[in-house]
Amino acid sequence: MAVVVAAVAVTVAARELPLPAVPDSLRTPAARAAYVVGHYWDAMDWADTAALADTAFIEGAFAGFAAVMPHAPAADAASAAAAMMDAAESAGCGRRMADIAARYLGEPSSPVYCSDCLLPLLGRAIARGTATQREMALHDELSALAPGAVAPQLTLVTGPLPAADVPTLLLFYDSACSDCSRLIGRLASDAALAARVAAGSLRVVAVEMDGAAGSSLPAGWVAEAAADPDAVYDTWRLGRLPSMWLIGADGRVVLRDATVPALGAAMAR
């Protein structure tokens, strides 16, 4: 999905956090997102105790930051998040910002849920000795699903998902979900993906999370349904649907909650 980051402002009640104007020389969505996360907090006055005490303002500002993070390269997002935490800790509100980050990035029900964005922050807190027991447990939970980890077992109505000697694109979806339908349409029109499926070098498994397996999926896709949707949501820590995961032929996670650009980049390697 193309992301165009413009100069906007996060406004909550009477407070406003002006966001950076992205240089016109930055053309790609990733480069523009990297610039925004890197400069997102430039205008934040961490010495302004009234602003820091304004829950609506500070949480709204963080939500805007979190919304951009997944679209920036992981290293840039992690660096920006660490710099934000350094500033917050210097201002004496590090614990508060850590709690906000855990809720906004680590709760699957959050509209800006991004476990890969949260992991570096949790690792940083653990290294500094400032992590709570819950944060350490959450770090372990998320690490178990991080790229490179063995993917958990997926039990479908037809039985356990069988292993494959080619990568598997898992698409968790709900046929009544409009975002899911749009994503399926976009993937269906991807010539490179269709060629891989036709050549047998990629398996696409669409897992319906609310009902029977779909019947109107692109040619070559495997239509399945979760045997126990609640268990799948918990085990895979699924947030909002749709959710795409790329699993390697070795059964290890390559991408989780992948975007279309990230999927394209991974398949191009």
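A brief structural summary. (Residues numbered from 1 in each chain as written. Predicted model: local features only at pLDDT ≥ 70, side-chain atom pairs only at ≥ 80, totals over all residues. Heavy atoms only, no water.)

### Here we look at the sheet that holds strand β8 (residues 243-247)
In plain terms, the rule: Strands pair, by our definition, only if DSSP identifies at least two bridges between them. A run of H or I in DSSP becomes a helix once it reaches four residues, and a run of E becomes a strand once it reaches two; helices and strands are each numbered from the N terminus. Interaxial angle, 0 to 180 degrees, is taken between N-to-C directions of lines fitted to C-alpha atoms, where a helix line uses only the stretch in contact. Contacts were defined at the residue level, with two residues in contact if any of their heavy atoms lie within 4.5 Å.
Ordered in space as β7-β6-β5-β8-β9, the 5 strands form an open sheet in which the pairing is mixed. Looking at the sheet topology across the chains shown, the edges are occupied by β7 (222-225) and β9 (253-255). Taking each pair of neighbouring strands and ignoring which way they run, the sheet shows an average axis angle of 30°. Bridge count between strand β5 (residues 168-173) and strand β6 (residues 203-208): 6 bridges; the pairing is parallel. By the bridge assignment for β6, Y173 is matched with E208. Of the strands in this sheet, β5, β8 and β9 are in contact with helix α11 (residues 260-268), which crosses β8 at around 15°.

### Quick notes on the packing of helix α5 (residues 94-106) against helix α6 (residues 115-128)
Rule in force here: Geometric relationships in this document are graded by angle, where less than 35 degrees denotes roughly parallel, more than 145 denotes roughly antiparallel, 65 to 115 denotes roughly perpendicular, and other angles denote oblique. Note: crossing handedness is left-handed where the near helix turns anticlockwise from the far helix by less than a right angle, and right-handed where it turns clockwise. Think of it as three bins: nonpolar holds Ala, Val, Leu, Ile, Met, Phe, Trp, Tyr, Cys and Pro, charged holds Asp, Glu, Lys and Arg, and polar takes everything else, Gly as well.
At a minimum axis separation of 9 Å, α5 and α6 run at an interaxial angle of 155°. Taken together, α5 and α6 sit at an angle that is classed as roughly antiparallel. Handedness of the crossing formed by α5 with α6: left-handed. Every residue of α6 that contacts α5 at A101, A102, L105 and G106 is listed here: S115, C117, L118 and L121. Looking at the contact of α5 with α6 residue by residue, the class counts come to 6 nonpolar, 2 polar and no charged.

### Things to note about the nonpolar core
Our working definition: To qualify as a nonpolar core, a set must consist of buried Ala, Val, Leu, Ile, Met, Phe, Trp, Tyr and Cys residues joined through side-chain atoms within 4.5 Å. The buried label goes to any residue with under 20% of its type's maximum accessible area, the exposed label to any with over 50%, and the partly exposed label to all in between, with areas taken from a 1.4 Å probe on protein chains only.
The biggest cluster of nonpolar side chains holds 46 residues, and the ones touching the most others in it are W41, W46, F62, F65, M97 and L105. Elements with a minimum of two residues in this core: α1 (29-39), α2 (49-53), α3 (55-68), α4 (74-90), α5, α6 and α7 (133-143). Ranked by the residues each element gives to this core, the list is headed by α3, at 7 residues. Residues in contact with M97, not counting those within four places in the same chain, are W41, W46, I58, F62, M84, M85 and A88. Ranked by size, the runner-up nonpolar core spans 40 residues in total, among them A151, L217, W236 and V260.

### Let's talk about the state of the cysteines
The condition that has to hold: What counts as a disulfide here is a pair of cysteine sulfur atoms lying within 2.5 Å.
In the structure shown here, the tally under the stated rule is 1 disulfide. Two residues share a disulfide in this structure: C114 and C117, whose sulfurs sit 2.3 Å from each other. Because the torsion about its S-S bond is 65°, the bridge between C114 and C117 counts as right-handed. For C114, a relative accessible area of 11% corresponds to the buried category.

### Some words on the packing of aromatic side chains
Short version of the rule: Any pair of Phe, Tyr and Trp rings, taking the six-membered ring for Trp, is counted once the centres come within 6.5 Å. Such a pair is stacked with planes under 30 degrees apart, edge-to-face with planes over 60 apart, and tilted for the rest.
In this structure the tally under the stated criterion is 8 aromatic pairs. Between Y40 and W41, the ring centres sit 5.1 Å apart and the planes meet at 65°, which makes this aromatic pair edge-to-face. Their ring planes at 55° and their centres at 5.3 Å tell us that Y40 and F65 sit as a pair that is tilted. Residue Y40 is found in the loop between α1 and α2, and its partner F65 is found in helix α3; the two are separated by 25 residues along the sequence. Residues Y40 and F65 agree in their burial class; the two are buried.

### Let's talk about the environment of T259
Let me state the cut-off plainly: Polar contacts, as counted here, are pairs of nitrogen or oxygen atoms within 3.5 Å of one another; within protein the pair requires one atom able to donate a hydrogen and one able to accept it, and residues that are adjacent in sequence qualify only if both atoms are side-chain atoms.
Of note, T259 is situated in the loop between β9 and α11. Along the chain, T259 and R95 lie 164 residues apart, while their C-alpha atoms are 30 Å from each other. Separated by 3.2 Å, the side chain of T259 and the backbone nitrogen of A262 make a polar contact.

### Some remarks on the environment of L187
Note that L187 resides in helix α8 (residues 178-188). What makes L187 buried here is its relative accessible area of 2%. Through-space distance from the C-alpha of L187 to that of V260 is 8.2 Å; in sequence the pair is 73 residues apart. When sequence neighbours within four positions are dropped, the list of residues in contact with L187 reads L171, L193, W221, M244 and L263.

### Quick word on unusual backbone geometry
If a residue is not glycine, its phi is most likely negative; likewise, a peptide bond is most likely trans. The peptide bond linking L241 to P242 adopts the cis configuration, its omega dihedral lying at 0°. Mapped onto the fold, P242 is located in the loop between α10 (229-236) and β8. You will see that R237, though not glycine, has its phi angle at about 45°, which is positive. Note that R237 resides in the loop between α10 and β8. By relative accessible area, which is 12% here, R237 ends up buried.

### Describing α5
For an α-helix, 3.6 residues make a turn, and residues three or four places apart therefore share a direction. Going by this rule: Helix span is expected to be 1.5 Å times the residue number reduced by one.
Taking 1.5 Å per residue, 13 residues should reach 18 Å; α5 reaches 17 Å between its end C-alpha atoms and fits that length. Within α5 the residues assigned to the buried category are G94, M97, A98, I100, A101, A102, Y104, L105 and G106. Buried-residue contacts for α5 involve α3, α4, α6 and α7.

Remember that the coordinates give geometry; whether it matters functionally is a separate question.
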